[in-house]
Amino acid sequence: MMMNYRRTIPNLRQTTKLLGNPNGKNNKCIAKRLYNFASTPYESCFSSIRHLKVPTHATLQQHTLKAMENHDADDWYANPVATILNGEVLGVDDGISSSKVVKKSDTLDAFGNVNGKIVYANPSLVDAIIAHIQRYNSSKSSRDAANYKDKIRLIERELLDVDNEANYVGQLIANQAIDFWKQDGVTEIEEAIMANDVERRMNDLLLQDEEEIGKVEIRRDVAFVGCVSNFGNFLDLCRKVLRNIEVGVPVVVFSRSNSTQHSFRWAQLLMGLMKKYNVDVGLLTYASVTVDEALRIMRSSKESPMYITCSRELACTIKKQHSNLFSSTGGPNTFVSTELTPSIEQAIRDSALIENSGQCTALRHVVVPCTEQEVSHIFGDVPIVSSPEDALRHGQFAGLFESEHFVPIESPDIPAEYLKQPEHDVYYRVCDDLPPDGLNEYWRKVVVDVTKASTIDVNELAGWLVRNQPISLAVNGDWEMARDLFHKTALVVYTVGTLENPALTCQARPQEKEIFGEFPIRRDLSLYTKYPVIVPSSTPGYNSTYKIEYLNSISDMASLDHKLQYIKPLLKALEKKSVRGFCCELANYIADAVGPKAELGGDRTVLWGLQRPPLNGTMSVIRCGRHTTLDDMLPAAIPFIITNAREQLEISIDDENGTGLESSLATLGLSLFNVIKENEETFEKRTFKGTGANDAFFNVMDVDSFGDNDDSEFPLVAHFVSLFLPMGHIKSTEKRDDNFILFFEKSEKWLRLHWHGV
């Protein structure tokens with residue numbers, strides 16, 4: 001069985017595997033419930049988080065300011081960014097790379113200012129990195145996580161401990177602030193301390209399934225990490241590096257083209273502590289390499305997972321080279337309000353200017369009744385900060401850097417149709433209509449498209465949101481409109497506010513069940529990532545698989561949830577035990593995870609969980625080819641046919657299908673399926689996506705046959721489900737908002753079971 005996302009463009013149909021390994025072997029994959037999104041044990045990982053001892057904001061601020069005062073700018077020149085391999089910094093006079101010319105260059109901060117030096121690994125040293133990767137890949141089965149977990153967690157505690165005399169935590173925040181020009185790295189660490197605890201518990205459950213129960217296998221191929229410029233202390237250091245190393249997965253961290261100093265410095269700190277605690281130093285490599293050499297390293301280990309948070313454009317480029325990619329990408333975050341009030345104006349400013357428009361949830365699109373003059377006024381009153389230290393001292397997280405020295409190097413020029421605010425480096429375009437699809441996000445430049453609608457057409461706006469897939473939507477002043485937009489879209493982060501206490505686009509605390517994720521446009525998902533990434537989750541879980549022996553052991557369906565006994569005839573019709581076991585595990589997971597979950601203990605009120613595809617009349621279609629069997633098709637259909645998403649699924653069967661698939665479905669109960677039989681040409685025309693495309697399809701998936709091969713792989717069921725169904729949260733800006741819970745928990749958007757087919 002193999003399933004492919006289908007993306008059709010003129011004269012070309014491009015498909016990418018959903019199930020199966022990146023080398024195209026005849027494999028399959030699935031997983032276990034314990035740590036899967038929205039399951040009961042997943043939810044238990046959040047317990048007692050608020051009782052954690054977290055340093056105060058003021059304490060972290062003081063430690064950071066101290067580290068910034070002690071920072072020696074010359075050190076980043078005298079001790080340049082370089083490759084760390086087997087615990088040693090290499091690159092100049094090391095015997096490996098000295099045989100060839102070493103490329104030494106300036107490093108640049110986020111605004112293009114030279115702030116140090118970097119020594120790029122030459123081909124000899126890159127060869128040594130590749131040999132190291134191959135050596136560790138060949139010994140992956142012998143690495144026992146018990147040798148690493150406790151020590152890595154001691155290291156993590158020391159890194160983030162404000163009572164440590166070395167002040168590592170202050171150095172982490174300070175280096176990021178100096179390199180990226182981050183205004184508020186303190187909040188990131190506060191949240192990371194709590195979110196790390198949640199994700200450690202999820203890793204514990206994953207390890208328990210592998211070591212004690214024998215149900216899953218953590219694939220310990222060397223993991224590649226592409227660093228993000230912002231939020232790297234949590235997303236890169238903690239989520240992608242520490243969580244992998246603690247289960248015995250070696251990590252190679254790649255340098256960046258800019259703002260790479262702070263990632264190298266945390267890699268140095270981590271390596272020093274790994275030596276102190278006697279952890280295998282070969283588990284961490286920092287590859288100071290050019291883009292071409294990074295690609296060469298990745299080609300040497302195609303089964304390695306690659307984790308990165310980046311733009312959609314970069315993710316698409318990497319995915320073409322490395323199919324085992326797990327990426328988080330951006331999107332044009334949108335802010336909606338029924339009126340323009342002083343509080344709404346402030347919320348727009350904060351959302352647009354957060355980190356000088358350098359945070360993934362920064363606002364890009366506003367829908368509000370207003371004039372050009374009013375927009376100019378909004379951005380005429382913005383806080384100006386002179387430096388990251390200035391921002392930190394004054395508690396500013398949404399200030400504007402204004403100087404000839406602050407020119408973002410990752411953003412293109414602003415088109416002429418945008419107006420510049422007369423006093424500040426802020427740009428806006430005010431129109432009656434929604435902006436064009438595919439907005440450039442202009443990283444670190446404040447650029448806002450404003451739709452000045454006096455009345456908001458929810459259907460048009462919802463369609464735009466589906467086609468452009470922001471990370472975050474903030475809706476203020478109208479709960480009915482907020483619920484309609486929630487119903488008709490598939491975002492991860494929704495925030496509902498009032499005109500007095502408005503929602504911002506930049507609000508999400510994953511440690512408080514404000515589930516976070518940066519998903520691509522659904523029909524194009526496979527162009528950017530193998531699976532969408534949810535926070536919090538177990539990072540090594542994305543590259544973990546079920547053991548075939550376990551799937552075979554549950555293929556008798558004795559463990560099938562009592563509410564789902566009506567699908568037994570379907571499962572019995574499957575030929576392969578492993579597929580039947582997968583479908584059983586998948587169905588049980590969904591039975592446990594469905595329905596909204598409420599969280600009222602934080603500063604905001606949250607509902608979160610699995611959701612149906614947009615309730616906007618669009619369909620998800622599974623295309624079955626000439627050789628597709630029931631074993632190939634059914635896993636993708638299970639999330640629909642056992643839930644209230646059933647009527648949103650179409651099964652298209654090639655009219656030359658020779659496996660008897662149509663008759664099998666008819667025998668098993670055609671009422672469960674919306675089946676269409678059509679040839680390939682008709683299907684292509686009907687589901688075509690492009691200029692003048694049919695927007696009637698939210699998702700189009702190809703299912704092809706693997707042939708007969710028992711050497712199968714199966715991913716974790718939550719990751720499998722995330723290919724088809726939305727997931728995330730919607731929250732109120734009010735604390736303990738019972739009326740919000742009553743209003744939104746009844747929404748038909750939440751995924752629910754068909755109990756006994758009803």
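Positions within a chain are numbered from 1, following the residues in the order the chain's sequence is written. In keeping with the model being predicted, local features are shown solely for residues with a pLDDT of at least 70 and side-chain atom pairs are shown and tallied solely at 80 or more, while totals for entire chains, interfaces and linings include all residues. Hydrogens and water are ignored here; the side-chain numbers use all heavy atoms of the structure.

## Examining the pairing of strand S19 (residues 446-451)
As a reminder, the rule being used: A 1.4 Å probe rolled over the protein chains alone gives each residue an accessible area, and that area as a share of the maximum for its type sets the label: buried under 20%, exposed over 50%, partly exposed in between. Under the scheme used here, helices are H or I runs from DSSP no shorter than 4 residues and strands are E runs no shorter than 2 residues, and both carry numbers assigned from the N terminus. A strand pair is defined by DSSP finding two or more bridges across the two strands.
Counting buried residues along S19, six of its six residues qualify, which places the element largely inside the surrounding structure. What you see with S19 is no split at all: Val446, Val448 and Val450 on one side and Val447, Asp449 and Thr451 on the other are buried throughout. As defined by bridge partners, strand S18 (residues 426-431) adjoins S19 across six bridges and the pair is classed as parallel. By the bridge assignment, Val426 is partnered in S19 with Val446.

## Comments concerning the sheet that holds strand S21 (residues 493-497)
Taken in spatial order, the ten strands make up an open sheet running S17-S18-S19-S14-S13-S20-S21-S31-S26-S25, and their pairing is mixed. The sheet is open, and its two borders are formed by strand S17 (419-420) and strand S25 (597-599), each paired with just one other strand. Pairing geometry for strand S20 (residues 472-476) and S21, over five bridges, is parallel. Within the sheet, the bridge partner assigned to Val475 lies in S21 and is Val496.

## Considerations on the packing of aromatic side chains
Note the cut-off: Here a Phe, Tyr or Trp ring, Trp counted by its six-membered ring, pairs with any other such ring whose centre lies within 6.5 Å, and the pair is stacked when the planes are under 30 degrees apart, edge-to-face when over 60, and tilted otherwise.
For the coordinates displayed, the defined rule picks out 27 aromatic pairs. Ring geometry for Phe37 and Trp608: centres 5.7 Å apart, planes at 65°, overall edge-to-face. Placement of Phe37 in the loop between strand S2 (12-17) and helix H1 (40-44) and of Trp608 in strand S26 (residues 605-610) is noted, with a sequence separation of 571 residues between them. Trp608 carries the same exposure label as Phe37, and that label is buried. Relative to Tyr550, the ring of Tyr546 has its centre 4.9 Å away and its plane inclined at 40°; by these criteria the two rings are tilted.

## Here's the deal with the nonpolar core
Formally: Here, nonpolar core refers to any group of buried Ala, Val, Leu, Ile, Met, Phe, Trp, Tyr and Cys residues whose side-chain atoms link them within 4.5 Å. In what follows, a contact means two residues having at least one pair of non-hydrogen atoms within 4.5 Å.
Ranked by internal contacts, the top residues of the largest apolar core, which has 170 residues, are Phe37, Phe254, Ile297, Ile590, Leu634 and Ile638. Top contributing element to this core by residue count: helix H7 (residues 185-213), with eleven residues. Every residue in contact with Phe37, bar those within four places of it in the chain, is listed here: Tyr42, Ile515, Ile534, Tyr589, Ala593, Trp608, Gly609, Leu610, Ala718, Met727 and Gly728.

## Description of the pattern of salt bridges
Put simply, the rule is: Each reported salt bridge corresponds to a side-chain nitrogen of Lys or Arg within 4 Å of a carboxyl oxygen of Asp or Glu.
For the structure on display, the rule yields 41 salt bridges. The salt bridge partner of Arg429 is Glu417, with a shortest N-O separation of 3.4 Å. Of this pair, Arg429 sits in strand S18 while Glu417 sits in the loop between strand S16 (400-401) and S17, and the two are twelve residues apart along the sequence. The partner of Arg623 in a salt bridge is Asp654, with the nearest N and O atoms 3.0 Å apart. Here Arg623 is found in strand S27 (residues 619-624), whereas its partner Asp654 is found in strand S28 (residues 649-654), with 31 residues between them in sequence. Comparing Arg623 with Asp654, the two get one shared label, buried.

## Observations concerning the environment of Ser472
Rule in force here: For the purposes of these results, a polar contact is taken to be a pair of N or O atoms within 3.5 Å, where, inside protein, one atom must be able to donate a hydrogen and its partner to accept one; residues adjacent in sequence count only when each atom of the pair is a side-chain atom.
In this structure, Ser472 sits in strand S20. Discounting chain neighbours no more than four positions away, the residues touching Ser472 are Asn333, Thr334, Leu491, Val493 and Thr505. Side-chain polar atoms of Ser472 contact the backbone oxygen of Thr505, separated by 2.7 Å.

## A look at the side chain of Ser351
Within the secondary structure, Ser351 is located in helix H12 (residues 342-353). On the basis of relative accessibility, which here comes to 0%, the residue Ser351 falls in the buried class. Of note is the side chain of Ser351, whose polar atom sits 2.9 Å from the backbone oxygen of Ala347. For Ser351, the residues in contact, after removing those within four places along its chain, are Phe335, Ala362, Leu363, Leu504, Thr505 and Cys506.

## Regarding helix H9 (residues 261-276)
Residues three or four positions apart in an α-helix share a direction because the helix packs 3.6 residues into each turn. Our working definition: Here, expected helix span is obtained from the residue count minus one, scaled by 1.5 Å.
Taking 1.5 Å per residue, 16 residues should reach 22 Å; H9 reaches 23 Å between its end C-alpha atoms and fits that length. Among the 16 residues that make up H9, twelve are buried, leaving the element largely enclosed by the rest of the structure. Within the sequence span of H9, burial applies to Gln261, His262, Ser263, Phe264, Arg265, Trp266, Ala267, Leu269, Leu270, Met271, Leu273 and Met274. Just past H9, the residue Asn278 takes up positive phi, approximately 60°.

## Quick word on the side chain of His424
Here His424 shows up in the loop between S17 and S18. Take His424: its relative accessible area is 9%, and that puts it in the buried class. Here the side chain of His424 touches Gly380 through a polar contact of 3.3 Å, landing on its backbone oxygen.

## Quick notes on helix H2 (residues 57-70)
Compared with the 20 Å implied by 1.5 Å per residue over 14 residues, the 20 Å span of H2 between its first and last C-alpha is a close match. Among all positions in H2, only Leu60, Gln61, His63, Thr64, Leu65, Ala67 and Met68 are buried. Elements in contact with the buried residues of H2: helix H6 (168-180), H7 and helix H14 (388-393).

## Comments concerning the environment of Phe231
Position of Phe231 relative to the elements: it lies in the loop between strand S8 (223-226) and helix H8 (232-245). In this structure, the C-alpha to C-alpha distance between Phe231 and Glu372, residues 141 residues apart in sequence, is 34 Å.

Everything listed here is a matter of coordinates, which is why it stays silent on function.
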